[in-house]
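Inside the fold
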Amino acid sequence: MLRVLSRHSPGCYSLGYPVRPPSQSRQLRRQRHDLFSSQAHGTLCYRAGPQLPIPARERLAARPDERPGAAVNFISLFAGIGGFDLGLKRAGMTCDSVVEIDKSCRVILQRHNPEAKIYNDVKEVGIATHERKSIGLICGGFPCQDLSIAGKRKGLVGERSGLWFEFARVIDELEPQWVVIENVPGLLSSNGGKDFAVIIRWLAERGYGVAWRVLDAQYFGVPQRRRRVFIVASFG
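Residues numbered from 1 in each chain as written. Predicted model: local features only at pLDDT ≥ 70, side-chain atom pairs only at ≥ 80, totals over all residues. Heavy atoms only, no water.

As for the overall build of the protein chain
Of the regular secondary structure elements, the protein chain holds eight helices and 10 strands. Among the 236 residues that make up the protein chain, the fraction classed as buried is 45%. Summed over its atoms, the accessible surface of the protein chain is roughly 12,500 Å², and 53% of this surface lies on carbon and sulfur atoms. (Helix = DSSP H or I, 4+ residues; strand = E, 2+ residues; numbered from the N terminus. Buried < 20%, exposed > 50% of the residue type's maximum accessible area, 1.4 Å probe, protein only. Areas by Shrake-Rupley, 256 points an atom, 1.4 Å probe, with all protein chains shown as cover.)

Overview of the packing of aromatic side chains
Tallied over the full model, the rule gives seven aromatic pairs. Between the aromatic rings of F78 and F167, the centroid separation amounts to 6.1 Å while the plane-to-plane angle is 40 degrees, which identifies the pairing as tilted. In this pair, F78 is assigned in the loop between β4 (73-77) and α4 (83-90) and F167 in helix α6 (residues 164-174), connecting sequence segments 89 residues apart. Under the relative-accessibility criterion, F167 is labelled buried at 0%. Feature note: the residues F78, F142, W164, F167 and W202 constitute an aromatic cluster, connected by ring pairs. (Phe/Tyr/Trp six-rings, centres within 6.5 Å; stacked < 30°, edge-to-face > 60°.)

Some details on the environment of V98
Topologically, V98 is positioned in strand β5 (residues 94-99). Taking relative accessible area as the criterion, V98 reaches 0% and is therefore assigned buried. On a C-alpha basis, the gap between V98 and D85 in space is 8.5 Å, while along the polypeptide they are 13 residues apart. Not counting residues up to four positions away in its chain, the partners in contact with V98 are S76, A79, D85, L109, N113, K117, I118 and Y119. (Contact = heavy atoms within 4.5 Å.)

A look at the pairing of strand β10 (residues 227-235)
By the criterion of burial, β10 is predominantly enclosed, with eight of the nine residues buried. Relative to β10, strand β8 (residues 178-183) runs antiparallel, the two sharing six bridges. Looking at β10, one finds that N183 is bridged to V229. In the sheet, strand β9 (residues 208-216) pairs with β10 via nine bridges, with the strands oriented antiparallel. Residue A211 lies in a different strand from β10, and its bridge partner there is V232. (Pairing = 2+ DSSP bridges.)

Topic: α6
Given 3.6 residues per helical turn, the α-helix brings residues three or four places apart onto the same face. Here α6 has its buried residues at W164, E166, F167, A168, V170, I171 and L174. Where α6 is buried, its residues contact β4, β7 (137-140), β8, α8 (194-205) and β9.

Side note on the pairing of β5
Summarising burial for β5: five of the six residues are buried, a large majority. Bridge analysis of β4 against β5 gives four bridges, and the strand direction is parallel. Residue pairing across strands places F74 opposite C95, the latter belonging to β5. The handedness of the β4 to β5 crossover, carried by α4, is right-handed. Handedness of the β-α-β unit built from β5, helix α5 (residues 103-112) and strand β6 (residues 117-119) comes out right-handed. (Right-handed = clockwise from strand over helix to strand, strands pointing away.)

This is a description of form; function is not addressed.
So this is what it looks like as C-alpha cells:
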C-alpha cells in the first residue's frame, strides 16, 4: 500500500522526502509551507490488547490471517474519473466497485473499469451490496467544498463534506483491511482541527493504525502545485 504513495520519478519526492538533494531555492520554498508542520504528517497506531475498545478487539480476533501477496480488491468512493482506481490497479489490485454521482464521470469509469460494479450514490453501498470483510481496501476523496479555505468552511456539518459519515458507515459495515482517504489541506484546520480529529479518532476507535501526510503533486511529476492530505489506515 505504501508503495503506491511512494513511487517517484528521478528528482521528485517520495512521501515528502527528497530523492536527491534539492536546490537551495527549492529547500527554502518547501520550508515556507507547512508540509513538515506537526499537523501535516503523523501516525497513530493501535495494537491488539487491553487498550483497544472491546468491539475493535473482537473484530481483530475474528479476522482471518491474510496471505502475504494475496490479491486485494477495492471499492472507490467519490471516484471522480478514477485517479485512485488507476493507481491501485497499477499496483496489482482489483477494482470491485466504484461510486460516483456525476453522470459524465460514470461514463469514463465504466470505460476504464468494465469489470466493476458502478453505483451513483454512496448511500446505496454497504452491507446491502457487499458481504462483510469481502473488500480489502476502501478509498475515496469525500467532497471538500465545506473544508476548503475557499469556501464557507461549514466543516463536517456541511451538506457536502458531511458525506464523510457515509464513507465511515461503509467502512464500519464492510470492515476493510485498508482505508485510504484524500482531501484538501483545509481538512487539517477545519473547525480548529476538530473535524480532522473526528476522522482520526473514529478510525482509531475501530482498531485502525493511522498515518497521514500532505503531499504536493508538483513533486510527483505533475506541473501543478496541488497539495492534498492523504490518510492511510490499516486494521490491526
